[in-house]
Number of protein chains: 2
Amino acid sequence: MLSCVGIILLLCSLINISVTTLVEPSIWPEPMSITYKNESAVKPISSQVVWKTMGGDIDTLNDLYQRYSKIMFIHPTPDKDSNNENNNNDLTKTIVVEVKDRSEDYPKLETSEYYELKIEENSSEIYLTADNIYGVIRGVETLAQITVYDFDELVYRTPLVSIQDKPRYLHRGMLLDTARHFQPITYLRKTIDALSFAKYNVLHWHVVDTQSFPFQSQTSPKLWEGAYTKNERYSTQDMISLVEYGRKRGVKVMIEFDVPGHQASWCTGYPQICPSTSCLQPLNPASEDTMPLLQGLLKECTQIMTDGQKHELFPYELIHLGGDEVDYTCWNKSPEINEWQKQQGYEGNGNEDTYKYFVDGVSKMAIDLNRLPVQWVEVFEHFGSNLRKDTIVHVWKEKSTLDGVVKAGYKALLSNQNDWYLDHETTSWETMYNNEPTSELTDPSTASLILGGESCMWAENVDISVLENTVWPRAAAVAERLWTPMDKMNVERAADRIETFRCLLATRGVGAAPVKNHYARKAPREPGSCYDQRRL
Amino acid sequence: MLSCVGIILLLCSLINISVTTLVEPSIWPEPMSITYKNESAVKPISSQVVWKTMGGDIDTLNDLYQRYSKIMFIHPTPDKDSNNENNNNDLTKTIVVEVKDRSEDYPKLETSEYYELKIEENSSEIYLTADNIYGVIRGVETLAQITVYDFDELVYRTPLVSIQDKPRYLHRGMLLDTARHFQPITYLRKTIDALSFAKYNVLHWHVVDTQSFPFQSQTSPKLWEGAYTKNERYSTQDMISLVEYGRKRGVKVMIEFDVPGHQASWCTGYPQICPSTSCLQPLNPASEDTMPLLQGLLKECTQIMTDGQKHELFPYELIHLGGDEVDYTCWNKSPEINEWQKQQGYEGNGNEDTYKYFVDGVSKMAIDLNRLPVQWVEVFEHFGSNLRKDTIVHVWKEKSTLDGVVKAGYKALLSNQNDWYLDHETTSWETMYNNEPTSELTDPSTASLILGGESCMWAENVDISVLENTVWPRAAAVAERLWTPMDKMNVERAADRIETFRCLLATRGVGAAPVKNHYARKAPREPGSCYDQRRL
């Protein structure tokens, strides 16, 4: 009797399946493994679907469910549907979520993002299994992408699939520069939202630079006098709330203080740490205040006291210390610094030694604070194997540079400017997509030293008015390169999918540019569909 | 004893006032009347401020308070402040709202938006009084604009002011074209948000046109087969929820069906209402289906049955019926239409008579459905005083055209393309600001026939990627022209204020372009502050 019912249900659902087809089930980035029952098999899902965490509620997940119930079901469904729902055996009514590790601790570099998603025909439940809450965040995004509104029947549908998925690289970031133009906290939140849609897991916050210092320091409270204006600043509370906002979306914040070469704005509050009032950077090594100020800044980023509780302001174990583009001119001009170099015994190569004094100094501070120092590739170019072994080298020059870095045994991040700099407006999404990190390695065994990479949004010419259409959809191409297994990457097959992803971003309020643009943020030249815009 | 305490409190508050100054109290659009105690007098306001509606809760206002508590207090304040709050007598802890008319009915053309705002030094309450809830919406926006976060003290402050305010014009709209490019419902909501920030009160929804028909019709369900794709459509439920979204923000939705000349996309679903399969517009008057289809469409816009209740889909009493750019070519080519014209007795001027048949036909339908028909100025150019007297003429050509329209006794809306078309990328905010509707009237007594005006965002070259930076901040210039008394308008004095408003939009997530741009949506050329960007 039971098996007879089973057969009838199966037949019913097959009949139902044969009637309706899904509009392009499309996932970005492409999962590691996906099996469709058949490509046209779909089932309806209630817009009132109930999310259920096995073993009891978890706050981060409750927040996630609430958010995605809005993201997935953007179109109100007519009330009549809810009346019909009870009579519909095919309808998905529950999403069952199972996590092995229920911890809500801040994610680490090595934190798993593995998830499995099962949508079967004879069940009113969808099953999402993950190693931890951060895997659930990825799985829910995938589910949201395959949950498509059928405008003809005014109902949401999902395909019948089985997905196993995890990222190829541990660190998948986007750099955002908030010093050349201030990006309000709202836009940082919006950026984190969009990053999580593309399964990025790091916002690399290039928060201060030569032009401005918007960061509130508790230890050196005059630093943010180097902000553009009083209003264009981030309070400690802003940052605490932003980091938590990111955690809830599986996006870690990696903070950067770019020293010693990019810090002119620091001189407004603390002129003594700069070579002179007319020659502002690199940092002045001869000042007694310089190293303690750096020490204080790094310390407050890794632990801070507010309301009697100990917070880590930026809990991610990677901290970026810059180290690029150090110009010795101001050091050469300063008798005080020349004298200091002599006292240190820096003969002949005084400037190189001074540069290394800073590079080593701040990376040791980071290590002592239980952080892994990340520095731009110049530190490797200058000091090679004399760098601390626990330094992570961030390659922004030619990709070929990466080979030497990993051969010397250093871990690395890739952001080669020719392919992954978003401010290069003529770099197409295809170029970004095809930038395989391992392609120029001479020893394949070194590939495991590549922790991941980042697209970079330097903001000399980018404020809020053009942020989203400069970043998206091209940053999505980088996201897929960093997430998807190499053998599944194919730029031709990705073309339609990235266009669909761009239109998905649009429905979620992210102002992504037309995919086929030659110049990143060009407006469309003529009327047309989001899904089929002509190359400009 | 009491008066002694009063004096002490007064002294305390004076001391407090003298210490702190507000960062540029700046309101856009400029209110009718504003009196500062003195320009630097400010008081702190609790980010946990309680909103209190006299006479009991009103749903729309509760929703408003909840929304604005987030908009006003975007920066989390440290917990320590809340501990200190009880000891601070100057602190604003309550916003008291009083409305004369408590109705939540949909606003009408004539609905008052008057409000008064009082912030006094010896009170922990702010007083907002309005004629109705729609005035409250305007007053709360003003309050939000003058509530400034003081980054040095990590506290919010307001100036001590008395404001009386109401708009100069009844109808202050922005046209958005969703036919040349589909703008997802998310962006319509975002647009409504931004419109309400600038105290606009109408979204003129140019929903369908030659290129696409994204609108779900209940009476002619095949019409939206003329959408670009299955996904790029608005369901009835989408529209119902959008209209309610607008109502809650004091933004009415005026729908437009542009007939008979801009309707090629209608032919996909109903080829019989078009002249032929190769010559698609204007509408075919000879088809028996044409007028009933229009009748059905207008009827469902003004009343629709869902879930057993009678809704008005678009309750605003103005409905736009287009009427512009009617090209007779397809009519001339059609023997069927020529024959029909003969049968009607249209001799000599057959095409003009056919044009008028449509113009009169749809405007009569609107009137019969209790709506005021709005039509583009061509209908006046063609038919002058033979137009129905209750027609509202929408002038998009030279502003001088307006004079003839109002002299003939017609009510009018102004959107002269040279000054108020947002797709004209080289039209500066100053030009938009200086476009005084009455400047070319030859008889001042006709000025009262101008109901207002609209900025127009035609979307041939505008999709979501460039929508916000094409519209803003220039649309704000139009908003002030339509809101602020003429004698308070001054483009030089407005320059700083509009820059501040643009930065305010940025903090609220609206991607407004740099104010001084020569081309509307140009990216900034160099690093710099939001408040001081150079002219490009």
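Worth saying up front: this structure is predicted, and the values here are computed from it rather than measured. (Residues numbered from 1 in each chain as written. Chains lettered and ligands numbered in written order. Predicted model: local features only at pLDDT ≥ 70, side-chain atom pairs only at ≥ 80, totals over all residues.)

Enquirer: Please set out the relation of the copies chain A and chain B residue by residue, giving values where relevant.
Expert: Of the transformation superimposing chain A on chain B, the axial component is 0.0 Å and the angular component is 180°, with the fit at an RMSD of 0.0 Å. Such a turn and shift between the copies fits a two-fold axis. Relative to the rotation axis, the C-alpha of Val 466 of chain A is the closest in chain A, positioned 4.1 Å from it. (Least-squares fit on C-alpha atoms with pLDDT ≥ 70 in both.)

Enquirer: Requested: an account of the domain arrangement of chain A, with residues and values cited.
Expert: The extent of an interface is frequently quoted as the accessible surface area lost upon association of the parts. Residues and elements named next belong to chain A. The domains assigned to chain A are domain 1 (16-165) and domain 2 (171-256 + 304-319 + 369-507). Summarising the inter-unit geometry, the C-alpha centres of domain 1 and domain 2 are found 29 Å apart. With 20 residues of domain 1 at the contact, the number on the domain 2 side is 27 residues. Counting residues per element, the ones that place at least two in the side of domain 1 that touches domain 2 are helix H2 (59-72) and helix H4 (133-146). Here the element with the most residues in the side of domain 1 that touches domain 2 is H4; it accounts for 5 residues. Of the residues in the side of domain 1 that touches domain 2, the class split is 10 nonpolar, 3 polar and 7 charged. (Domains from an automatic or database assignment. Contact = placed C-beta atoms within 7 Å. Helix = DSSP H or I, 4+ residues; strand = E, 2+ residues; numbered from the N terminus. Nonpolar A, V, L, I, M, F, W, Y, C, P; charged D, E, K, R; others polar.)

Enquirer: Hey, could you go over the packing of H2 of chain A against H4 of chain A for me, with residue numbers and the actual values?
Expert: Residue and element names in this part refer to chain A. Here H2 crosses H4 at 10°, and the two axes come no closer than 11 Å. Here H2 lies roughly parallel to H4, going by the angle between them. Residues Thr 60, Leu 61, Leu 64, Tyr 68, Ile 71 and Met 72 of H2 form the contact with H4, whose own contacting residues are Ile 133, Val 136, Ile 137, Val 140 and Ala 144. When the residues that make up the contact of H2 with H4 are grouped by side-chain class, the tally is 10 nonpolar, 1 polar and no charged. (Axes fitted to C-alpha atoms, helices over the stretch in contact; angles between N-to-C directions. Parallel < 35°, antiparallel > 145°, perpendicular 65-115°, else oblique.)

Enquirer: Which residues make up the sheet that holds strand E5 (residues 125-132) of chain B, and what values do they have?
Expert: Residues and elements named next belong to chain B. Spatial strand order, E1-E8-E4-E5-E3-E2-E7-E6: 8 strands in an open sheet with mixed pairing. Of all strands in the sheet, those with a lone pairing partner are strand E1 (33-36) and strand E6 (148-150), marking the two edges. Each strand of the sheet is rotated relative to its neighbour by a mean of 30°, with strand direction disregarded. Two strands pair when backbone bridges link them, and strand E2 (residues 42-53) and strand E3 (residues 92-101) are joined in this way by 5 bridges, in the parallel orientation. When the sheet's bridge partners are listed, Trp 51 is paired in E3 with Ile 95. Running at roughly 145° to E5, helix H4 (residues 133-146) makes contact with E3, strand E4 (115-119), E5, E6, strand E7 (155-159) and strand E8 (161-165) of the sheet. (Pairing = 2+ DSSP bridges.)

Enquirer: Could you give an account of helix H17 (residues 491-507) of chain B, with specific residues and numbers?
Expert: End to end, H17 of chain B covers 24 Å across 17 residues, agreeing with the expected 24 Å (1.5 Å per residue, within 8%). Considering bend angle alone, the principal kink of H17 of chain B is centred on Arg 497 of chain B and spans about 25°. Restricting attention to buried positions, one finds in H17 of chain B the residues Ala 494, Ile 498, Glu 499, Thr 500, Phe 501, Arg 502, Cys 503, Leu 504, Leu 505, Ala 506 and Thr 507 of chain B. The secondary structure elements touched by the buried residues of H17 of chain B are helix H5 (185-197) of chain A together with H4, helix H5 (185-197), helix H14 (429-433) and helix H16 (474-483) of chain B. Directly beyond the C-terminal end of H17 of chain B, a positive phi value near 85° is found at Gly 509 of chain B. (Expected span 1.5 Å × (residues − 1). Bend = angle between axes of the 7 residues up to and from the residue. Buried ≥ 20, exposed ≤ 12 C-beta atoms within 10 Å, placed from the backbone.)

Enquirer: How would you summarise the interface of chain A and chain B if you had to cite specific residues and measurements?
Expert: Counting from both sides, the interface comprises 57 residues of chain A and, opposite them, 57 residues of chain B. Of all the secondary-structure elements, those providing two or more residues to the side of chain A that touches chain B are helix H3 (79-85), H5, helix H6 (236-248), helix H15 (467-471) and helix H17 (491-507) of chain A. When residues of the side of chain A that touches chain B are assigned to their parent elements, the largest contribution, 4 residues, is made by H5 of chain A. Classifying every residue of the side of chain A that touches chain B by side-chain character gives 23 nonpolar, 18 polar and 16 charged.

Enquirer: Account for H2 of chain A, with residues named and values stated.
Expert: Residue and element names in this part refer to chain A. Taking 1.5 Å of rise per residue, the 14 residues of H2 would be expected to cover 20 Å, and the 20 Å separating its terminal C-alpha atoms lies within 8% of that figure. Taken residue by residue, H2 has Thr 60, Leu 61, Leu 64, Tyr 65 and Met 72 as its buried positions. All buried residues of H2 project into a common sector of 130° when viewed along the axis, lining one side. What points out from H2, more than 90 degrees from its buried face, is the exposed set Asp 59, Asn 62, Asp 63, Gln 66 and Lys 70. Contact partners of the buried residues in H2: strand E2 (42-53), strand E3 (92-101), H4 and H6. (Arc of directions from axis to C-beta.)

Enquirer: Any details on unusual backbone geometry? Residues and values, ideally.
Expert: Most peptide bonds take the trans configuration, and most residues that are not glycine carry a negative phi. With omega at 10°, the peptide bond leading from Trp 472 of chain A into Pro 473 of chain A counts as cis. Note on placement: Pro 473 of chain A falls in the loop between H15 and helix H16 (474-483). Backbone geometry places Asn 370 of chain A, a non-glycine residue, at a positive phi of 70°. The residue Asn 370 of chain A is located in the loop between helix H10 (350-368) and strand E15 (372-376) in this model. The class of Asn 370 of chain A is exposed, set by 11 C-beta atoms lying within 10 Å. Located in the positive-phi region is Leu 154 of chain B, a residue other than glycine, with phi close to 55°. As for its placement among the helices and strands, Leu 154 of chain B is situated in the loop between E6 and E7. By the C-beta count within 10 Å, which is 17 here, Leu 154 of chain B ends up partly exposed.

Enquirer: Go over the confidence of the model for chain A with me, naming the residues and quoting the values.
Expert: All names here are of chain A. The pLDDT averaged across chain A works out to 92; a share of 91% of its residues lies at or above 70. Throughout residues 1-23 the model reports pLDDT below 50, and contacts reaching past four residues in sequence, or to other chains, amount to 23 contacts. Among the prediction metrics, the complex's ipTM stands at 0.93, with pTM recorded as 0.94. (pLDDT = per-residue confidence, 0-100.)

Enquirer: Lay out the sheet that holds strand E7 (residues 155-159) of chain A with the relevant residues and their values.
Expert: Residue and element names in this part refer to chain A. Pairing in this open sheet of 8 strands is mixed, and the strands run E1-E8-E4-E5-E3-E2-E7-E6 from one edge to the other. Edge positions in the open sheet fall to strand E1 (33-36) and strand E6 (148-150), since each of these has one partner strand only. Between one strand and the next, the sheet's axes are offset by a mean angle of 30°, whatever the strand orientation. Those strands touched by H4 are E3, strand E4 (115-119), strand E5 (125-132), E6, E7 and strand E8 (161-165), and its axis lies near 145° from that of E5.

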